[in-house]
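# Observations on the three-dimensional arrangement
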Amino acid sequence: MKFVDEFRDTNKAKTLIKAIKEIAKKIAPRQSKPLQIMEFCGGHTHTIFRYGIEQMLPDTIEMVHGPGCPVCVLPMGRVDDCIALAENPDVIFTTFGDAMRVPGSKKSLLQAKADGADIRMTYSPMDALNLARKNPDKDVIFFGLGFETTMPSSAFTVLAAEQEGITNFSLFCNHITTVPTIKAVLDSPDMKLDGFLAPGHVAMVIGERPFDFIAQDYNKPLVITGFEPLDILQSLWMLLQQIEQGRSHVENQYTRIVQPNGNTPALTAISLVFEQREFFELRGLGSIDHSAVRMKPAYAAFDAERKFSVANIKIAEPKSCQCGEVIKGVIKPWDCKIFGTKCTPETPIGALMVSSEGACSAYFNNGYDKKKLA
Amino acid sequence: MNTSFDSTIKIPKTKFSGQTITLSHGAGGKAMHDLIELIFVNTFKSSELSLLEDQARFDLTPLTALGDRLAMTTDSYVVDPLFFPGGDIGKLAITGTVNDLAVGGAKPLYLTCSMIIEEGFAIDELHRIALSMKKTADEAGITIVTGDTKVVPRGFADKLFINTAGIGVIAQDIQILASRAEEDDVVIINGYIGDHGAAIVDARGELALEMSIETDCQVLNHLIQDMLACCPDIHCMRDATRGGLATVLNEFAIASDVAITLEQSQIPIRDEVRGVCEVLGLDPLYLANEGKLVAIVKKADADALLNVMKNHPAGVNSAIIGSVGTFPQGKVLLETGFGGTRIIDMLVGEQLPRIC
């Protein structure tokens, strides 16, 4: 398959792993603990597990699987809000597939669907807009979810609905922003990270510059990374070179997609439709200032939060859950008290067990267990 | 939407042509009688069915000549859409049940056919499906011997559900069991994985893909007869339907208490199917198949068996895709080709597309 197989070439992977091992060896004498490198994005986590990349790395490198899985960090209260919206008999509620299983305080969207709510999986907000065209007697709500990667498609859909004068479409906006979330991880007192693989698709939209503060203010090296296995390996090698040379810069490995200034039409659409929220709660991380966007008053007619009464209730996280510490790399998934016992992919308690991109779910599904590896 | 009808099937004209199913077609009276006669009995053309008794009857003697055990299975078919590239619900209802018998080493002989039809369904479509069932039954060499027809009010079923049950005979000395995988055995599959799952996603028409993937829906009993003739000591064999290759191998690993290791590079998969999976964030190892069997055999038997399979039209792309070991027990591992491995677990629920 063109443009895919080239980035999965096993011989090139072997060369890169060899280079990574060589440079890791040079750094090792300076280390008092394994290097902790965070891949922020759930897409990276997925690739790392799918190709077994973590097992190929030397012991002196530890991957920390960050909070960049939008499904995982979705707070329970917002899932409850979704279900309340979806249970309105005049509503068709549309969502990306992997949000279906996220547990709310009482049930998930999948359970709400079985109970009779009209909930449909779509692959794009434009599909939801199509449903609105076809069902003029229903209110079609799209569950806008994700970081800057999915924000432009939501914004463009709202703009298209406005232009066409479609009045029965609205967006339940839960889009979150990358930079404040990374900043919250960096500001955490127990932060021990040595460098970042930055999210390539977020960078495709926002460009390279918003990541500068990580290198400049926090002195952490960072490489914007693509999603194929060779992308990850090459980025790790680039990151290790920075560490070895004592540099902390923003470097771009994903040049085939990411432009330094991002994608102007996408950024324009985002700024037309969305504005910053003062704060937003992320599961496992708590409330973070400016970590999300909401719709501007000019688009109130397309804003499900304004159009319907959304309770916006804050639900306390289960006390036993240690997702926050896992996300920050303080503990490994298997160190959590309930990992694999009370909390499994079948009965997820913590956010990270919910989606296949969540670190705990990935560890569990891939059979990673401290006892088995030891 | 991508629908494709089997162009070799011609629908004969009947007094029902152009009509739709009403509740009276399931009410037990003349309308039902005529429907069964014209659409099913005339199509399936079996002597047992033509008697129109409440049950099919067969002599035991010819059955005992074939083997020493009866095999019986049943399956319900609720696929949406009813017609999809390379097949339809009727073809599926025959292949599915025939294959479930055949993978146990049975020679499939007789099938039942039970239809639950939603009021308003086009009788021509029903006829087309019955003809497709007959065509597939003939290919498999089995007979549809008895059936049932129910009509439910609009909204109480989605167009058409079919249940088929089948009976076959297992020859002496054949012991195919999920619990028989042993260390150093090898895993063989008869061709490309995921075609059916991808074809159904494509046929639902939600994605507007610029290509068409055909289902792999096919009967496997003739291929399996050839396989058993070459290697009667097949240890494990199942068809990899819902849940795909990954699920079947997990069943074997758990039942046999062994570890099964797959080599990613050896698993046959079409570029189109990989493409669909890439776009949707699905894993082809879990996609449904309707004409794929997975067999576990002694390593010493593998090459000759593979050769036989490749020489059969239903096994041209057969491949050895993995091997059986001892650790970790009850697990399926995938060697990624990168020197890494990952565990291939059972799915928790249905596969859900990822956001990004």
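Residues numbered from 1 in each chain as written. Chains lettered and ligands numbered in written order. Predicted model: local features only at pLDDT ≥ 70, side-chain atom pairs only at ≥ 80, totals over all residues.

## Notes on the interface of chain B and chain A
With 24 residues of chain B at the interface, the matching set in chain A holds 34 residues. Mapped onto the side of chain B that touches chain A, the elements with two or more residues apiece are helix H9 (271-280) and strand E13 (341-343) of chain B. Among the elements that line the side of chain B that touches chain A, the one with the most residues is H9(B), at four residues. Looking at the side of chain B that touches chain A residue by residue, the classes come out as nine nonpolar, seven polar and eight charged. (Contact = placed C-beta atoms within 7 Å. Helix = DSSP H or I, 4+ residues; strand = E, 2+ residues; numbered from the N terminus. Nonpolar A, V, L, I, M, F, W, Y, C, P; charged D, E, K, R; others polar.)

## Comments concerning the packing of helix H6 (residues 125-134) of chain A against helix H7 (residues 151-164) of chain A
Residue and element names in this part refer to chain A. Axis separation between H6 and H7 bottoms out at 9 Å; the angle between their running directions is 25°. As far as their axial angle goes, H7 and H6 are roughly parallel. In terms of crossing hand, the pair formed by H6 and H7 is right-handed. Between H6, through Pro125, Met126 and Leu129, and H7, the contact on the second element is made entirely by Ser153, Ser154, Thr157, Ala160 and Ala161. Taken together, the residues of the contact of H6 with H7 break down into five nonpolar, three polar and no charged. (Axes fitted to C-alpha atoms, helices over the stretch in contact; angles between N-to-C directions. Parallel < 35°, antiparallel > 145°, perpendicular 65-115°, else oblique. Left-handed = near helix turned anticlockwise from the far one by under 90°.)

## Points about the environment of A:Ala351
Residue and element names in this part refer to chain A. Of note, alanine 351 is situated in the loop between helix H14 (323-327) and helix H15 (359-365). Under the C-beta neighbour-count criterion, alanine 351 is labelled buried, with 31 such atoms within 10 Å. In contact with alanine 351, not counting residues within four places along its chain, are Cys72, Val73, Arg283, Gly284, Cys323 and Gly358. (Buried ≥ 20, exposed ≤ 12 C-beta atoms within 10 Å, placed from the backbone.)

## Describing the sheet that holds strand E11 (residues 319-325) of chain B
All names here are of chain B. With mixed pairing, the seven strands of this open sheet are ordered in space as E8-E10-E7-E11-E9-E12-E13. The sheet is open, and its two edges are formed by strand E8 (236-239) and E13, each paired on a single side. Geometrically, the sheet is characterised by an average inter-axis angle of 25° between neighbouring strands, direction not taken into account. Sheet analysis places strand E9 (residues 259-263) next to E11, joined by four bridges and oriented antiparallel. (Pairing = 2+ DSSP bridges.)

## With respect to helix H5 (residues 123-140) of chain B
Residues and elements named next belong to chain B. With 18 residues, H5 ought to run about 26 Å at 1.5 Å a step, and its terminal C-alpha atoms sit 25 Å apart, in line with that. Counted residue by residue, H5 has 14 buried out of 18 residues, so it is predominantly covered. Directly beyond the C-terminal end of H5, a positive phi value near 75° is found at glycine 141. (Expected span 1.5 Å × (residues − 1).)

## Brief notes about the domain arrangement of chain A
All names here are of chain A. You can read the domains of chain A as domain 1 (11-66 + 180-252), domain 2 (76-178 + 261-307) and domain 3 (327-369). For domain 2 and domain 3, the distance between their C-alpha centroids amounts to 27 Å. Each side of the interface is counted separately: domain 2 has seven residues, and domain 3 has six residues. Residues that form the side of domain 2 that touches domain 3 fall into these classes: three nonpolar, one polar and three charged. (Domains from an automatic or database assignment.)

## Brief notes about helix H8 (residues 244-256) of chain B
All names here are of chain B. Under the 1.5 Å per step criterion, the end-to-end length of H8 is 19 Å for 13 residues, consistent within 8% with the ideal 18 Å. Counted residue by residue, H8 has ten buried out of 13 residues, so it is predominantly covered. Buried residues belonging to H8 abut strand E7 (186-189), helix H6 (195-203), E8, E9, strand E10 (293-297) and strand E12 (332-335). Remark: aspartate 257 follows H8 within two positions and exhibits a positive phi of approximately 60°.

## Section: the sheet that holds strand E1 (residues 35-41) of chain A
Residue and element names in this part refer to chain A. Pairing is parallel across the open sheet formed by five strands, whose spatial order is E2-E1-E7-E8-E9. Each end of this open sheet is capped by a strand with a single partner; those strands are strand E2 (61-68) and strand E9 (250-252). Direction aside, the axes of adjacent strands within the sheet are offset by 25° on average. Bridge count between E1 and E2: six bridges; the pairing is parallel. Opposite cysteine 41, over in E2, you have glycine 68 as the bridge partner.

## Details of the packing of helix H1 (residues 30-44) of chain B against H5(B)
All names here are of chain B. Here H1 crosses H5 at 15°, and the two axes come no closer than 9 Å. Considering their axes alone, H1 and H5 lie roughly parallel with respect to each other. The hand of the H1/H5 crossing is right-handed. Residues Ile39, Phe40, Thr43 and Phe44 of H1 form the contact with H5, whose own contacting residues are Ile123, Leu126, His127, Ala130, Leu131 and Lys134. In terms of residue class, the contact of H1 with H5 is made up of seven nonpolar, two polar and one charged.

## Some remarks on the domain arrangement of chain B
Residues and elements named next belong to chain B. Domain annotation of chain B identifies domain 1 (23-170) and domain 2 (178-343). Each of domain 1 and domain 2 was reduced to a C-alpha centroid, and the two centroids are 28 Å apart. Counting residues per element, the ones that place at least two in the side of domain 1 that touches domain 2 are helix H4 (89-102) and H5. A total of eight residues in the side of domain 1 that touches domain 2 trace back to one element, the largest contributor, which is H4.

## Quick look at the environment of A:Pro70
Residues and elements named next belong to chain A. Following the sequence through the fold, proline 70 ends up in the loop between E2 and helix H4 (76-86). Overall, the presence of 25 C-beta atoms within 10 Å leaves proline 70 in the buried class. Sequence spacing of proline 70 and isoleucine 166 is 96 residues, and the spatial spacing of their C-alpha atoms is 28 Å.

## As for unusual backbone geometry
Residues and elements named next belong to chain B. Cis geometry is adopted by the peptide bond preceding proline 81, which originates at aspartate 80 and carries an omega value of 0°. Relative to the helices and strands, proline 81 is located in the loop between strand E1 (69-77) and strand E2 (83-84). The peptide bond linking phenylalanine 327 to proline 328 adopts the cis configuration, its omega dihedral lying at -5°. As for its position among the elements, proline 328 is in the loop between E11 and E12. For lysine 159, which is not glycine, the phi torsion reads 65° and is therefore positive. Note on placement: lysine 159 falls in the loop between strand E5 (143-152) and strand E6 (160-170).

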